[in-house]
There are 4 protein chains.
Amino acid sequence: MANDVNKVVLAYSGGLDTSVILKWLEETYGCEVVTFTADIGQGEEVEPARAKAQALGVKEIYIEDLREEFARDFVFPMFRANTVYEGEYLLGTSIARPLIAKRLVEIAHETGADAVSHGATGKGNDQVRFELGAYALKPGIRVIAPWREWDLNSREKLLAYAEKHGIPVEMKRGTRSPYSMDANLLHISYEGNQLEDPWFEAEEDMWRWTVSPEAAPDRPQYLEIRFENGDPVAIDDEPLSPASLLSRLNQVGGAHGIGRLDLVENRYVGMKSRGCYETPGGSILLRAHRAIESITLDREAAHLKDELMPRYASLIYNGYWWSPERRMLQALIDASQAHVNGVVRLKLYKGNVTVVGRKSEADTLFDAHIATFEDDAGAYDQKDAEGFIKLNALRLRIGARRGR
Amino acid sequence: MANDVNKVVLAYSGGLDTSVILKWLEETYGCEVVTFTADIGQGEEVEPARAKAQALGVKEIYIEDLREEFARDFVFPMFRANTVYEGEYLLGTSIARPLIAKRLVEIAHETGADAVSHGATGKGNDQVRFELGAYALKPGIRVIAPWREWDLNSREKLLAYAEKHGIPVEMKRGTRSPYSMDANLLHISYEGNQLEDPWFEAEEDMWRWTVSPEAAPDRPQYLEIRFENGDPVAIDDEPLSPASLLSRLNQVGGAHGIGRLDLVENRYVGMKSRGCYETPGGSILLRAHRAIESITLDREAAHLKDELMPRYASLIYNGYWWSPERRMLQALIDASQAHVNGVVRLKLYKGNVTVVGRKSEADTLFDAHIATFEDDAGAYDQKDAEGFIKLNALRLRIGARRGR
Amino acid sequence: MANDVNKVVLAYSGGLDTSVILKWLEETYGCEVVTFTADIGQGEEVEPARAKAQALGVKEIYIEDLREEFARDFVFPMFRANTVYEGEYLLGTSIARPLIAKRLVEIAHETGADAVSHGATGKGNDQVRFELGAYALKPGIRVIAPWREWDLNSREKLLAYAEKHGIPVEMKRGTRSPYSMDANLLHISYEGNQLEDPWFEAEEDMWRWTVSPEAAPDRPQYLEIRFENGDPVAIDDEPLSPASLLSRLNQVGGAHGIGRLDLVENRYVGMKSRGCYETPGGSILLRAHRAIESITLDREAAHLKDELMPRYASLIYNGYWWSPERRMLQALIDASQAHVNGVVRLKLYKGNVTVVGRKSEADTLFDAHIATFEDDAGAYDQKDAEGFIKLNALRLRIGARRGR
Amino acid sequence: MANDVNKVVLAYSGGLDTSVILKWLEETYGCEVVTFTADIGQGEEVEPARAKAQALGVKEIYIEDLREEFARDFVFPMFRANTVYEGEYLLGTSIARPLIAKRLVEIAHETGADAVSHGATGKGNDQVRFELGAYALKPGIRVIAPWREWDLNSREKLLAYAEKHGIPVEMKRGTRSPYSMDANLLHISYEGNQLEDPWFEAEEDMWRWTVSPEAAPDRPQYLEIRFENGDPVAIDDEPLSPASLLSRLNQVGGAHGIGRLDLVENRYVGMKSRGCYETPGGSILLRAHRAIESITLDREAAHLKDELMPRYASLIYNGYWWSPERRMLQALIDASQAHVNGVVRLKLYKGNVTVVGRKSEADTLFDAHIATFEDDAGAYDQKDAEGFIKLNALRLRIGARRGR
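Residues numbered from 1 in each chain as written. Chains lettered and ligands numbered in written order. Predicted model: local features only at pLDDT ≥ 70, side-chain atom pairs only at ≥ 80, totals over all residues. Heavy atoms only, no water.

**A short note on the relation of the copies chain D and chain C**
Mapping between the two chain copies consists of a rotation about an axis together with a translation along that axis.
Right, so step 1: Between chain D and chain C, the superposition needs a rotation of 180 degrees and an axial shift of 0.0 Å, giving an RMSD of 0.0 Å. The transformation just described matches what one would write down for a two-fold rotation axis. Relative to the rotation axis, the C-alpha of Glu 307 of chain D is the closest in chain D, positioned 2.9 Å from it.
Right, so step 2: A shared binding surface is used by both copies, with 100% of the interface residues of chain D retained as interface residues in chain C. (Least-squares fit on C-alpha atoms with pLDDT ≥ 70 in both. Contact = heavy atoms within 4.5 Å.)

Written as structure tokens, this is what we have:
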């Protein structure tokens, strides 16, 4: 089976693990390797991956800046649904995988490769996300997941393999974090090590993107976000591209200690795992989007979205971004956003994001004349409430009579 | 129609409005009035209502402390579902109404009254909650809602009526708040006045139960909450009754600036309204309950609860606590909580509630041996993931082939 | 209040009831009446309504054939969702109302009318459907529902009113059915009279559109329906317009005793009511659409539709066709139908509709090579099933270990 | 790995396949085999399996009549939810598997066996149902699925193996059906062979439990079924045990050509497959249960059940009977059935099951006084409908004004 692979596109970070995979693929499958390295906002230069790949003899090297596509076509559509997994997780890792899967198969198509490969392990969600995406977009593709195949199942073996195959020493990052981390424009995550004890409180120096609420400024900062069709388009009246806007929110949020999360989540492969996340911009955006919807979205439209959101979140978490059911839900969600236009005013202070104002010129459904505690000049006839209650109560009354 | 009412049980606060209603009922319906005043944790003495009712000539006066029943049979069952309305509101007002409705009809039964009455207006949700509850529990009851019937639709008319009918002056509270407020053991709410402009930021001196995050202590406080069968039973190892526990959390949370909320919500009667809420204890409890579930509740059980929660929340918000569908959902929710036992450790700091630890001796589903990034000694076979992904991808691949 | 209405558009059938309403509106409101009579396939000529309206002095008379629009824009979209209310009812009455509401407000706009009126009673669902539709499409419209206002609440009073106001005698239909009936291209319904006893079996001579299964031909008839994008477009290879196709199915189905239904349903206004329905074409279409979906629609897409269908059905039943939430659900449903193309073969015999074949050239997802009990030549690796089961079982095993 | 199994409990039918498995297990694993054969109403004697097992040298032989437990604890609870998979399939095969899984692990416990085994293939749903059940009930159990392991993947190889290992010739059933079949008290199913072409109409002589509608009696038969707490307890006033009642309905239904179904369904393992089913008793029961609910179940309770049913059906279809989420849904469903008491009258005629009457003395919610088209003597105030509509329309009107 191994010898029927001619060319593989590898999701390549330039780090030790994927460099070992690169060599292992060549050795095991006798195939050519195409590397693909993307900037999705992880905060590290991607250009160095070129030199590393070249040093390892790779001929076809793809290095791409996908930040705008990531924010515009993945993060923003997801935020239209106010998406959180299991009540809390903003899906920072999950939402980046479908884009990587898409580019892997596109590059496979361009380069005539017959397989794709990734560095995700056999215990996690990411393997599922990469592979479901690849299969959904290119059903005949071959997927190679080295961590499920090889026996390099310890750091020692990996290092030995690297040494043996001349993988440059500088790839072993200097001060290696004790945590398994993942980062992109939406978040950075931490797993493993001491976090494997869910009673253990994460150490302060683990967090990288945010200051602690304690260390955040003593004065609050106010911020206004403008939305158009459910997507954020400007901060404090400055129009910004999707990636720039998200990046700006990350900076501001991080400075105010916003967006830390520590939770135990349920993986699709069946076990619970502890994860810590920093999502400063996303945490602000989630509150802001709900707030602009609160004045521009119809009640039942909002409730329908809320009821479907957990399922939509699970689909993304589990890797079904490219499935027909996710697309159907997206059609429903997007159909609700045409009037989600306006501005939200937020106060950021030591870990807190507080909505303090929301307005929408053309699209508000907030009608002060009707809602007022003062005289409403006939905008609402209080007597209507009696019939409303009476008919809603009718089935309850008939039911209650039965008991007697 | 008016003259067929003999006796009415009135939800009586002792304040001006319900004192006027008391007189108006006697005058309009020529009926006897029974007053019912309950301590549900609103933070005001209820005993003074006795003297006021007596002064107004009432013969049957009910004054009751319902705090434990409220916390145990209403608040806690609701929190088992991690209930929030429209993503944010903890339903503090909504959850108190069914209990009041229940006691009103029970007292009507005890006193031979043929009607109940309340002081809620015709624009709000509370009239619906009171009346749906009353009808569901006593289908033949008559409900009188003076605000929908009379023409005392301004404060001036109300005061004039009070004066004319000798309603004691001291009932006009000294420094009247400019806001319409409601309080109970779970929360205090503010509506009306300047809040009717959703762009207006609530003034600092409006808030009564919490200090501002800015004014909260500079040092965090840690707290441990123990849960049994999904309900909190102890704080820092001290067993507490439901009402005592909630009260304690209110104090601690309030001191740390926790639980303020400012939102625009959708009323059941059809309009949007702006409300500000303080729910210090509830905000802590919500996070803590999710955290203990995160290690003790099965994934699909948790997801099923999450998907049904918005509907359950709407039922409570809309006044359907006593409906068959709410009871059915409660049966489902309660069936999930038998193993929700353990302790959650929380950090409170300037408005933030952070979960920093969770443990459960007998009931944890967190299996570090399986989840570990280290060698798991065969607890999990990574090769299983391939078949898992392949079969989950099968329908996607067949679907993708179709397009070609 | 009455005197502020200048012109009313009345949904006018030409029958006694709406003729009385016509006069009553003129008399009560001193307004001009515009009549609107539509052919939506009820099986009665609409042109006679013109003469009747003229005889009653109406100046603006609208008579329209809406059959194609009804089938294409209302019935077919609804059938894309395999819609049934409460497991059985095909919503024949419900789906016609939004179209009538739409034309009423459009005509109000064209004629400068400030109100619309209809002949539905205050106990039924139709008043709600007409009025919610009207309000959703023209929020400032005034709706007049005479049955809720007047005191002509018996047949005798109605006849007396007619006599007194010179409403021509021929409007009292000759052999009046003892049932309250409603008909359109999708169905005919019967309510009232002896049907008000749910234990009473409907009499054979009540049914008008179908023969009884006993009286149907002794030989089955086979039929092929072609679907494109989820809508039926041809019968036995003959392309047909939406209305023609539905009409044809009604004829064939009716001849074979197909589509009778006798049920007790829950009205939106709170009570249960007994209804009998004949929906011959719709009953065939429902089975056929499910069958074409069974080979062309992805599993999870189909399940998502199935889970949302009851809510979609309730929205239509309750009169929310023009609501944002119905439109959102429609977007989701429609997004699933692009590949629902192919042919279904059906056998009709004495009340039975049996699917006996389904095929789709380009869009089938049925892959005999994978599904076969014979050797599949490697199309499916049975060993994948082990990993699939193992990982799906993981959470269950961890949960089961807890109990010990 | 093979040699660590000491004793296996095998679901043994006495047929050729499971006899080969028996020998193969002994040979491959060097283990002892315990056979378990259950009568779940498949219509074949189970006692002969004893002699066959003895002839093959088995020492521990379990032969059990599980028909009452099957009907009472599995079929009836499922019917409380009006359960159908993908709109049509009554889950006849699916619902039997959890019971078999339960007994397998119980017998493993009793006999000290460390593994269980079954004869389901690696392509179907049954392997999943057996194994998820076994793992959920006994997390440490070993499951052996020979069809996924061995290379006896053709009838020839199987027969050769049987011959070689002295498996008695009489086990090769005389006139072998060309279809893969499964039967129990609820249904009989057919798959494979010519059915693998979904355009092919099933042959008349395939069907075994029902006559064709054409061959059914020319006169209808009437039947009354009494329900208590949602379960059927008597037919035509004759009290019957669960299994007897279901068996009786099978006879009567089969004689009238009721319960044939031909469909393409979606398997959990990812492919579509064609199946034909006969479920005569179940088809009657489904209609009858909906009918008794139609007069005894609250509207919103019924709608909630309807919305959750597809998910409940999928859980059973996919093998999750013993999961926490199925139990939670069952708690919700069962909580709705206390008042589902009464009698349904049905007409059976040539494939048709028609509800012609329903009554319930104490528990009906059908109130003819309110529903009547005649004068209701004030039971319902038609004027209430105006307020009901006005407030339900309010959000729609506010929304519609926005567009202008």
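**Observations concerning the packing of helix 1 (residues 16-29) of chain B against helix 7 (residues 155-164) of chain B**
Residue and element names in this part refer to chain B.
Right, so step 1: Contact geometry of helix 1 with helix 7 gives a least axis separation of 10 Å together with a crossing angle of 65 degrees. Crossing hand, helix 1 versus helix 7: left-handed. Along the contact surface, helix 1 presents Leu 16, Asp 17, Val 20, Lys 23, Trp 24 and Glu 27, while helix 7 presents Arg 155, Leu 158, Leu 159, Tyr 161 and Ala 162.
Right, so step 2: In terms of residue class, the contact of helix 1 with helix 7 is made up of seven nonpolar, no polar and four charged. (Axes fitted to C-alpha atoms, helices over the stretch in contact; angles between N-to-C directions. Helix = DSSP H or I, 4+ residues; strand = E, 2+ residues; numbered from the N terminus. Left-handed = near helix turned anticlockwise from the far one by under 90°. Nonpolar A, V, L, I, M, F, W, Y, C, P; charged D, E, K, R; others polar.)

**Focus: the relation of the copies chain D and chain A**
Right, so step 1: Of the two same-sequence chains, chain D is brought onto chain A (RMSD 0.1 Å, axial shift 0.0 Å) by a rotation of 180 degrees.
Right, so step 2: By residue overlap, the copies meet face to face through one surface: 100% of the interface positions of chain D are interface positions in chain A.

**Focus: the interface of chain D and chain C**
Right, so step 1: Taken together, the contacts link 101 residues of chain D with 101 residues of chain C.
Right, so step 2: Interface area, chain D with chain C, both sides summed: about 8900 Å², of which 55% is carbon and sulfur.
Right, so step 3: On the chain D side of the interface with chain C, the three residues burying the most area are Lys 123, Trp 199 and Lys 272 of chain D, jointly 9% of the side's total.
Right, so step 4: Where chain D meets chain C, there are ten salt bridges.
Right, so step 5: The partner of Glu 325 of chain D in a salt bridge is Arg 395 of chain C, and the shortest N-O contact between them spans 2.6 Å.
Right, so step 6: Here chain D and chain C share 44 residue pairs in polar contact (both at pLDDT 80 or more) between them.
Right, so step 7: The element that contributes the greatest number of residues to the side of chain D that touches chain C is helix 13 (residues 384-402) of chain D, accounting for twelve residues.
Right, so step 8: Class assignment of the residues belonging to the side of chain D that touches chain C gives a composition of 44 nonpolar, 20 polar and 37 charged. (Buried area = accessible area lost by both parts, 1.4 Å probe. Salt bridge = Lys/Arg side-chain N within 4 Å of Asp/Glu carboxyl O. Polar contact = N/O pair within 3.5 Å; in protein donor to acceptor, adjacent residues only side chain to side chain.)

**Notes on the domain arrangement of chain A**
Residue and element names in this part refer to chain A.
Right, so step 1: Taken as a whole, chain A is organised into domain 1 (7-81 + 93-164), domain 2 (180-359) and domain 3 (368-399).
Right, so step 2: Relative to domain 2, the C-alpha centre of domain 1 lies at a distance of 26 Å.
Right, so step 3: At the interface, 34 residues of domain 1 touch 42 residues of domain 2.
Right, so step 4: Between domain 1 and domain 2, a total of about 3100 Å² is buried, with carbon and sulfur atoms accounting for 66% of that surface.
Right, so step 5: When the area that domain 1 buries against domain 2 is broken down by residue, the three leading residues are Phe 76, Phe 79 and Arg 80, summing to 25%.
Right, so step 6: The interface formed by domain 1 and domain 2 includes three salt bridges.
Right, so step 7: The shortest N-O distance in the salt bridge between Arg 97 and Asp 182 comes to 3.2 Å.
Right, so step 8: The interface formed by domain 1 and domain 2 holds 16 residue pairs in polar contact (both at pLDDT 80 or more) in total.
Right, so step 9: Where the side of domain 1 that touches domain 2 is concerned, the elements lending two or more residues are helix 3 (67-79), helix 4 (97-111) and helix 5 (126-137).
Right, so step 10: At twelve residues, helix 3 tops the list of elements feeding residues into the side of domain 1 that touches domain 2.
Right, so step 11: Of the residues in the side of domain 1 that touches domain 2, the class split is 17 nonpolar, eight polar and nine charged. (Domains from an automatic or database assignment.)

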